[in-house]
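Observations on the three-dimensional arrangement
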Amino acid sequence: MRVVTVCTKPFAGQKPGTSGLRKKVKVFSQPGYLENFVQSIFDNLPNEVKGKTLVLGGDGRYFNDTAIQIILRMAAATGFGRVLVGRGGILSTPAASAVIRKHAAFGGIILSASHNPGGPAGDFGIKYNLANGGPANETFTEAVYQRTQSINRYSCVEAPDVDLGALGETTIGITTVQVIDPVADYAELQETLFDFDRIAALLARPGFRMRFDAMHAVTGPYAQAILEGRLGAPAGTVVNAIPLPDFGGGHPDPNPVYAADLVTALADPHSGLSFGAASDGDGDRNMIVGRDFIVSPSDSLAVLAANHACVPAYSGGLAGVARSMPTSCAVDRVARSLGIPCFETPTGWKFFGSLLDAGKVTLCGEESAGTGSNHVREKDGLWAVLFWLNILAARNEPVAEIVREHWRKFGRNVYSRHDYEGIETAKADRLFAELRGKLPELPGAEISGMRVEAADDFAYTDPVDGSRSEKQGVRVLLQGGSRVVFRLSGTGTEGATLRVYLERYVADAALHDVPTQTALAPLVELAEKIANITAITGRNAPDVIS
Ligand code: G1P
Ligand code: ZN
């Protein structure tokens, strides 16, 4: 078989964001577009990739199979010794991380646009993970971007498509392509972490029923194999279990808006359901729902940390915890009571990777429904569900009661995120320029009845490798532990998305049941006064409230 070198020209804007390069399918399917980006990754790998193992898979969205065949031919031209690819081209993001680690691969390519819609009119994405199983760092992604801007050729091996439907090995050039069971390594890893016998006993209790909504995305086969297969939950516990290229036309983002069916079912006393969960397109996010009770992701992280002793893998104690800056400070309070460090990092899982590798933290999470631990280097949706099940099995209390008791002990960090989507980039830039300009005058100011204690543009120095990340979002810290944070999304594919994160600390248990948006109304007013959102963007209200 022949290696072919194809002349190419750079495409503008192949700049990876928080989680790799994400664009519309129609952008990705232009001839050479995917190839240029993949070659730019390979051009930044050291020579010793030759003979090493690459892991490859994706969330099964439209264009996944086409992309996999292209990447296989390019990986062969680069000289990888072996490519481990999930059957059907499927690997959830946390499973890819687990496979990279278990097989000591050189790295992995994950094809996903996470929770963004799929299908021909939807989004596609690609990212490169390192040997630790985690997303590449900023230095690497910047180098890839630089390469995309000067690239003039890519290489591939001339070869027919590989049959991804059956387990087994084939060769392309000097490279062995091994089609693996996408679930096996992942399921085996989960079984080492949790008390599967105890969870199985919970699932067998007559009064306990759960539903897992896979949203027609990648976690269907994983949840079926683990919950229904290994743990014995009744068939049908996992709904929307077959991954579809367009996610059934849905939006595979596990939040109260897009997983409304699940929330409604749990709110219906006749459903008999006591626990609900969902995951996103590529399986790294999670939503946890109790009977008529939605657990906010920031609270979920805090509850997992506070109840770590219920889970065999963590019962020996936590080294530390980490949360992304916009995530609520609920977990900070748990860390304080446990006497362990709590790290505040920029948004994006890669920042947790360095802390996890150095053994500084055991659990970490983000407000955007991502939670995880040192078992892999990605957030892990089903892992969070199993963690909750393990807690429920050990404590034998309803979800809502566990969270309310947590609030009584630690106070409640009432929390919401308001998103303004598809803003013109120039307007978003202006908003941030003006906001940043105002920062020096905010401390001490009294706005909407609240005193500003501090305000800054969040910057982070990685405590392990010393790398510096600046302009990671504007924080306005208010009296009494409340906060407003402003940040621009790094994963959107149309215009700019402004995220306003609102958090109010309520110590008094008598006020814990005030509806979230009511409790946060003064903070919304303050955010508007500080950032002039309506005047600058022309928007009166957010597009999405989560
Ligand atoms: C969003 C989330 C962030 C998460 C990322 C990838 O990024 O806010 O927490 O790490 O998706 O799942 P953003 O669009 O805000 O840059
Ligand atoms: Zn995701």
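Each remark here, short or long, concerns the structure printed above.
Residues numbered from 1 in each chain as written. Chains lettered and ligands numbered in written order. Predicted model: local features only at pLDDT ≥ 70, side-chain atom pairs only at ≥ 80, totals over all residues. Heavy atoms only, no water.

1. Comments concerning the coordination of the zinc ion (ligand 2)
The line we're drawing: Counted as coordinating are nitrogen, oxygen and sulfur atoms within 2.8 Å of the metal, or 3.2 Å for Na, K and Ca, while water is not included, which may make sites look incomplete. When four donors show all angles between 85 and 135 degrees the site is tetrahedral, when four or six donors have opposite pairs over 155 degrees and all other angles between 65 and 115 it is square planar or octahedral respectively, and in every other case it is irregular. Secondary structure follows DSSP: runs of H or I at least 4 residues long count as helices, runs of E at least 2 residues long count as strands, and numbering of each begins at the N terminus. Burial here depends on accessible area, computed with a 1.4 Å probe over protein chains only, as a share of the maximum for the residue type. Under 20% is buried, over 50% is exposed, and the range in between is partly exposed.
At this site the zinc ion (ligand 2) is bound by Ser114 (OG), Asp280 (OD), Asp282 (OD) and Asp284 (OD), with donor distances of 2.0 to 2.1 Å. Each of the 4 donor atoms around the zinc ion (ligand 2) contributes to a set of angles spanning 87 to 160°, which defines the coordination as irregular. Sequence spacing of the donors to the zinc ion (ligand 2): S-x165-D-x1-D-x1-D. With Ser114 in the loop between strand 5 (107–111) and strand 6 (123–129) and Asp282 in the loop between strand 12 (275–279) and strand 13 (286–290), the pair connects residues that are 168 residues apart, well separated along the chain. With relative accessibility at 4%, the residue Asp282 sits in the buried group.

2. Observations regarding the environment of Glu366
In plain terms, the rule: Note on contacts: a residue pair qualifies if any of its non-hydrogen atoms lie within 4.5 Å across the two residues.
One can find Glu366 in strand 17 (residues 363–366). The sequence separation of Glu366 and Thr497 amounts to 131 residues, and the corresponding C-alpha distance is 18 Å. If we skip the residues at most four places from it in the chain, Glu366 touches Pro297, Ser324, Thr327, Thr347, Gly348, Trp349, Phe352 and Lys379.

3. Quick word on the sheet that holds strand 15 (residues 321–324)
As a reminder of what qualifies: At least two DSSP bridges between two strands are needed for those strands to be called paired. Interaxial angle, 0 to 180 degrees, is taken between N-to-C directions of lines fitted to C-alpha atoms, where a helix line uses only the stretch in contact.
Spatially, 16-15-17-18 is the arrangement adopted by the 4 strands of the open sheet, whose pairing is mixed. Because the sheet does not close on itself, it has two edges, and the strands there are strand 16 (342–345) and strand 18 (370–373). Looking at each pair of strands side by side, their axes are set apart by 15° on average, direction ignored. As paired elements, strand 15 and strand 16 share 4 bridges and run parallel to each other. Paired with Arg323 across the bridge in strand 16 is Glu344. Contacts from helix 11 (residues 330–338) reach strand 15 and strand 16 within the one sheet, and its direction differs from that of strand 15 by about 165°. Strands strand 17 and strand 18 of the sheet are contacted by helix 13 (residues 381–395), whose axis makes an angle of about 75° with strand 18.

4. Regarding the nonpolar core
Applicable threshold: Take the buried residues of types Ala, Val, Leu, Ile, Met, Phe, Trp, Tyr and Cys, join any two whose side-chain atoms come within 4.5 Å, and each joined set is a nonpolar core.
Ranked by size, the top nonpolar core spans 71 residues in total, and within it Phe212, Phe275, Trp388 and Leu389 carry the most contacts. The greatest single-element share of this core, amounting to 11 residues, is contributed by helix 13. The contact partners of Leu389, leaving out residues within four places of it in the chain, are Ile199, Leu202, Leu203, Phe208, Met210, Leu227 and Phe275. Of all hydrophobic cores here, the second largest spans 44 residues; its members include Phe28, Ile70, Tyr128 and Ala136.

5. Details of the pairing of strand 24 (residues 474–478)
In terms of burial, strand 24 is a largely internal element, 4 of the 5 residues being buried. For strand 24 and strand 25 (residues 483–488), the ladder comprises 4 bridges, and the chain directions are antiparallel. Each residue of the ladder has a partner; that of Leu477, found in strand 25, is Arg483. Linking strand 24 to strand 25, which pair antiparallel, is a turn of 4 residues; within it Gly480 sits at a positive phi near 75°.

6. With respect to unusual backbone geometry
Even without being glycine, His216 reaches a positive phi, approximately 60°. Judged by relative accessible area, which is 23%, His216 ranks as partly exposed. Positive phi, normally seen in glycine, also occurs at Asn396, with a value near 55°. By the secondary structure assignment, Asn396 is in the loop between helix 13 and helix 14 (399–410). Overall, Asn396 belongs to the exposed group, its relative accessible area being 55%.

7. Re the pattern of salt bridges
Going by this rule: Here, a salt bridge means any Lys or Arg side-chain nitrogen found within 4 Å of an Asp or Glu carboxyl oxygen.
Summed over the entire model, instances satisfying the criterion amount to 35 salt bridges. We note a salt bridge from Glu344 to Arg483, for which the minimum N-O separation is 3.3 Å. With Glu344 in strand 16 and Arg483 in strand 25, this residue pair connects regions lying 139 residues apart in the sequence. Under the relative-accessibility criterion, Arg483 is labelled buried at 4%. Taken together, the shared-partner salt bridges in this structure form one network comprising Arg323, Asp332, Glu344, Asp456, Arg475, Arg483 and Glu503.

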